[in-house]
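A structural walkthrough
Given next are the chains, with one letter for each unit.
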Amino acid sequence: MVRTLYILATLVFLLPLRIFGQQSSVTVSGIIKNKVSNEVLSFVNVVIKKSSDSSAVSGTISNEEGLFILSDIKPGDYILYISFIGFNTYSKALFVGSNSAYLDLGVIQLEESAQQLDEVVVTATQDAVSGKMDKKTYAVEDNVSQSGGSVLQVMQNLPGVTVQDGLVQLRGSNQVMILMDGKQTAITGFGNQNGLDNIPASAVEKIEIINNPSSKYDANGNAGIINIILKKEEKEGWNGKVGLSTGLGALWVRKENLPNIRPQYQATPKINPSLSLNYRKNKVNLFLQADNLYTQTLNKNEFVTRTYEDEENTVVRQQLKRNRNTNLFTSKAGVDWFMNERNSLTISGLFNQETIIDRGDQPFFSEDLSERQRLWQFLEDEVLTAIMASTAYQHKFKQPGHKLHIGFNYTFNREDEKYFFDNTLPTYTSKESFALIADQRVADFTFDYTRPMKHGLLETGLKFRRRTIPTDMQFFPGLNSPLDPDADGKATYKETIPAIYGNYTYQTKKLEAELGVRIEYINLQYEVDPNHNTYSSDGYNYFQPFPNARLTFNLNDKNKLSFFYNRRVDRPDEVDIRIFPKYDDAEIIKVGNPALQPQFTNTFELGYKNVWTKGYYYVATYHRMAEGTITRIASTVPGSTLIYNITQNAGKSYSTGFEMIFSQDLSQRVAVNLNLNGYRSEIAAFSVLNQYPIESTFRAEQQEIFSGNIKLNAVFKLAGNVNAQLTAIYLAPDIIPQGTIDSRFSLDVGIKKGLQKGKGEIFLNASDLLNTMLIRKEIDGTDFSYTTADYYETQVIRMGYNYKF
């Protein structure tokens, strides 16, 4: 099926299709001078007229410094007229593009004598979702079927986004950089993504998906960037929003437990009160956002069958059930000070604390369940605390869009994790435990400069980051314990990254071009406790350029064809390097690797788009090539059935595919959005040396598969100010390291009704209404294989109320 979709989409791509255009506005500015004396001319009349019928669109006069500003000009073809007593009228053809919100015409000189003027084409660039085909923006409040949930749940309904194992994927890859208000944070991850299931959707205004980032963004995240923009108002006086949502999950048992363990969570409650406040008076704007999300969840319910190629053909059947209680509090507060019309200062703070209590059971049985070999029961007590302080200064020059931004962010993040185990074997029971403290400190300084130019937009700047993470892990094993007492201790992660960038966008009526480069140096040191039984201190450094390029052909007002190139890097995060075994699964153990190297990726993309009155179409084909692919490798050691998942560089990998979005208003009451993704993934044959727990070489043959996903969103505008949404998602089988993951399907529905003259609304929705989202995997190792089926909680019913004031 996926191969068929791939061929069909490729054929469709070759047809003369239509695509989505953009409805944006541009601010046009310039300075008027006397050509002879070079003096500025004040109070000069400036008018823009349509070239088609000469009707006036906008007009103004220049100020005392000769500067004129025309706002809210739609992209298109115009004639610019400038007239002043004693001077000849100036008229020129003016093309306003859609690549930047600002267009600077530079200095315009008026002559005292009449002269025929040649036509000049002036360009603008628009920083918008659809114009460059590099970014898509979605308002969270439009996602009715996931209101009251988390950001992660909202994202799984967005076109081009899938979710696997709690991680967001873009076009089949989870190497995605997550930003919050344009910045990396401890909440969303400075390297690998994390925490998206712990951000209430009620705190978020909109989500941006950037498949082809420019050089102004950090170079990591080969699949792209997702920018989460939190709510914030700047209206005069008091205003805000208050909300409350509640729900139930795990409405019935999808699969019964293995014998003699504690019950699964059922009818799990959720509650999310939220508050957004804003007060502005004159030059001061105060803002506050606070959310508390409490949930009980059947976080994991995974059934595993392990088969070993030993003399006894050993088979182990196991279940990992995790009942989770989570309380997450998030708040952001700050002040904007508008010193004058050109200078502003914002000081803000963000506090996030997540408290997790897990009660887990993991029994291990023989193949026929007649003999229980081990019962591993645990209590996890984890507190994650993040504090971020930010200062941002902005200076606006006289020319609109010409600005300087200086920012400083400091983040402290503590991971305080304790595990307590009861290890029950056939003849005795022992007590086990471990404790982890990891304190992350990150300081970021940024300097960004933007200047509109006569034929485009110039962006340049620099960034400096210092990041340290001291980690202390202590194991307290019992008798015959899987815990390795010699693998604990201390380690410190130290990262220093200075970077500079430059990006220039150029546009004419038929052609747009963008070229940029980010030059980055990194020095990473990982200092390991000298008493560790396997690993020693390691690290890496590099000095590398990361270029980006875009070339767009404006075929006509409704059709565009764009080519993109990006070179990006995925640096190993601290958790990938972390040397301490992770025992949330007693016999399938995760371990880091301090010898990891960065993964470098080159991406090529060709995109086409078209818009018509009531819909749009977008299609892109892409090819990604990665060197040093970072993944986890599962292996065993002689004489043991324990499986170790160790992070490694697996060599080369490739992904070639297409993405298509079709959106159509079928009527005034019904609109549909269809998103198709198809891709061929390949992991080349590779060989790696695992050092933990003993040295062993692992070899893998080439893996490849055709995969993809289909996502359908239908929105219904019903009578009585009622909106409804239906979302259907199908994920095709895909490859994962050393194995495959089966197909998955879910159906989400939601309905909301506006109340109180548009200020209030109530909603009711259901995630995975049919309870069909099941994760099945098959893994093949050198001398073992295992299958998994995870019946974790996916079905949730929610209802809630929001009120704006």
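Everything quoted here is computed from the prediction, not taken from an experiment.

The rules behind each value
- Residues numbered from 1 in each chain as written.
- Predicted model: local features only at pLDDT ≥ 70, side-chain atom pairs only at ≥ 80, totals over all residues.
- Heavy atoms only, no water.
- Helix = DSSP H or I, 4+ residues; strand = E, 2+ residues; numbered from the N terminus.
- Buried < 20%, exposed > 50% of the residue type's maximum accessible area, 1.4 Å probe, protein only.
- Contact = heavy atoms within 4.5 Å.
- Lys, Arg positive; Asp, Glu negative; His and termini not counted.
- Charge placed at Lys NZ, Arg CZ, Asp CG, Glu CD.
- Pairing = 2+ DSSP bridges.
- Axes fitted to C-alpha atoms, helices over the stretch in contact; angles between N-to-C directions.
- Salt bridge = Lys/Arg side-chain N within 4 Å of Asp/Glu carboxyl O.
- Patch = residues over 30% accessible without salt bridge, like charges linked within 9 Å, V, L, I, M, F, W, Y side chains within 5 Å.
- Areas by Shrake-Rupley, 256 points an atom, 1.4 Å probe, with all protein chains shown as cover.
- pLDDT = per-residue confidence, 0-100.
- Core = buried A, V, L, I, M, F, W, Y, C linked by side-chain atoms within 4.5 Å.
- Phe/Tyr/Trp six-rings, centres within 6.5 Å; stacked < 30°, edge-to-face > 60°.
- Lys NZ or Arg CZ within 6 Å of the ring centre and 35° of its normal.

1. Let's talk about the overall build of the protein chain
Of the regular secondary structure elements, the protein chain holds three helices and 44 strands. Projected onto the principal axes, the alpha-carbon positions of the protein chain cover approximately 105 × 60 × 55 Å. Relative to its 805 residues, the protein chain shows a buried fraction of 55%. At a minimum sequence separation of 6, the contacts of the protein chain that also span at least 24 residues come to 69%. Separation between the mean location of the 83 positive side-chain charges and that of the 88 negative ones in the protein chain comes to 8 Å.

2. Some words on the sheet that holds strand S8 (residues 135-139)
The four strands lie next to each other as S8-S12-S13-S11, forming an open sheet whose pairing is mixed. Sheet topology places S8 and strand S11 (176-180) at the edges, where each strand pairs with a single neighbour. Averaged over all neighbouring strand pairs, the angle between strand axes comes to 15 degrees, with direction disregarded. Here five bridges tie S8 to strand S12 (residues 204-210), and the two strands are oriented antiparallel to one another.

3. Re the sheet that holds strand S6 (residues 90-96)
Where strands meet in a sheet, backbone hydrogen bonds hold them as pairs that are either parallel or antiparallel. The strand order across the open sheet built from four strands is S3-S2-S5-S6, with neighbouring strands paired in antiparallel fashion. Each edge of the sheet is formed by a strand with only one pairing partner; in this case those strands are strand S3 (56-61) and S6. With strand direction ignored, the average angle separating the axes of adjacent strands in the sheet is 20 degrees. Pairing between strand S2 (residues 45-50) and S3: five bridges, direction antiparallel. Residue pairing across strands places Val46 opposite Thr60, the latter belonging to S3.

4. A few points about the pattern of salt bridges
In total, this model carries 39 salt bridges according to the counting rule given. A salt bridge links Glu793 to Lys270; its shortest N-O distance comes to 2.4 Å. A residue pair is termed long-range when its members are at least 10 positions apart, and Glu793 in the loop between strand S43 (784-790) and strand S44 (796-804) and Lys270 in strand S15 (residues 268-281) qualify at 523 residues. Note that Glu415 and Arg578 form a salt bridge whose closest N and O atoms lie 3.3 Å from each other. Residue Glu415 is found in strand S20 (residues 403-424), and its partner Arg578 is found in the loop between helix H3 (574-577) and strand S27 (588-591); the two are separated by 163 residues along the sequence. Of the residues examined, Arg578 reaches a relative accessible area of 10% and is grouped as buried. Overlapping salt bridges bring together Lys136, Arg171, Glu605 and Glu659 as one network.

5. Description of a negative patch on the surface
On the surface, a cluster of negative charge is made up of Glu309, Glu778, Asp780 and Asp783. Tracing the chain through its elements places Asp780 in strand S42 (residues 775-780). Accessibility expressed as a relative area gives 52% for Asp780, which makes it exposed.

6. Topic: the confidence of the model for the protein chain
Counting all residues, the mean pLDDT for the protein chain is 88, and 94% of those residues have values of 70 or more. Here residues 1-23 scores under 50 on pLDDT; set against residues more than four positions off or in separate chains, the count is 56 contacts. Taken as a whole, residues 114-130 scores under 50 in pLDDT and shows 70 contacts with residues more than four places along the chain or in a different chain.

7. Quick notes on unusual backbone geometry
Between Tyr692 and the following residue, Pro693, the backbone shows a cis peptide bond with an omega angle of -5 degrees. Tracing the sequence through the fold places Pro693 in the loop between strand S34 (686-690) and strand S35 (696-700). In this structure, Gln756 takes a positive phi of about 55 degrees despite not being glycine. Note on placement: Gln756 falls in the loop between strand S40 (744-755) and strand S41 (760-767). You will see that Lys757, though not glycine, has its phi angle at about 60 degrees, which is positive. Judged by its relative accessible area of 88%, Lys757 falls in the exposed class.

8. A look at the nonpolar core
If you look at the biggest cluster of nonpolar residues, it comprises 53 residues, and the most contacted ones within it are Tyr583, Tyr644 and Tyr692. Ignoring any residue separated from it by four or fewer positions in sequence, one finds Tyr692 in contact with Asp484, Ala487, Asn533, Thr534, Tyr535, Pro581, Tyr583, Val591, Tyr644 and Ile646. Ranked by size, the runner-up nonpolar core spans 37 residues in total, among them Val151, Leu158, Leu230 and Val611.

9. Regarding the pairing of strand S9 (residues 161-164)
Strand residues, when the strand is regular, have side chains that alternate between the two faces of the sheet. By the alternation rule, side chains of S9 split into Val161 and Val163 and Thr162 and Gln164, which are all buried. For S9 and strand S10 (residues 167-170), the ladder comprises four bridges, and the chain directions are antiparallel. Looking at the pairing, Val163 lines up with Val168 of S10.

10. Remarks on the packing of aromatic side chains
Applying the stated criterion across every chain yields a total of 23 aromatic pairs. Centre to centre, the rings of Trp238 and Tyr279 are 4.8 Å apart; their planes meet at 40 degrees, and the pair counts as tilted. Here Trp238 is found in strand S14 (residues 237-249), whereas its partner Tyr279 is found in strand S15, with 41 residues between them in sequence. Overall, Trp238 belongs to the exposed group, its relative accessible area being 60%. Here the aromatic cluster, defined as three or more aromatic residues joined through ring pairs, consists of Trp376, Phe378, Tyr419, Phe421, Phe434, Phe475 and Tyr583. Taking the ring centre of Tyr81 as reference, the NZ or CZ of Lys49 above it sits at 4.9 Å. For Lys255, the ring lying beneath its charged end belongs to Phe303, and the centroid distance is 5.1 Å.

11. Let's talk about the pairing of strand S33 (residues 670-683)
Taking burial as the measure, the 14 residues of S33 include ten buried ones, the bulk of the element. Examined bridge by bridge, strand S32 (residues 653-665) and S33 share 13 bridges and lie antiparallel to one another. Along S33, the bridge assignment pairs Ile661 with Asn675. Counted between consecutive antiparallel strands, the loop separating S32 from S33 contains four residues. Two strands pair when backbone bridges link them, and S33 and strand S36 (residues 703-718) are joined in this way by 14 bridges, in the antiparallel orientation. The residue of S36 that forms the bridge with Tyr679 is Ser707.

12. Concerning the environment of Tyr540
Tracing the sequence through the fold places Tyr540 in strand S25 (residues 538-556). Measuring from C-alpha to C-alpha, the distance between Tyr540 and Pro598 comes to 8.7 Å, with 58 residues separating the pair along the chain. When residues no more than four places from it in sequence are discounted, the contact partners of Tyr540 are Ile522, Asn523, Leu524, Arg571, Pro572, Leu596, Gln597 and Pro598.

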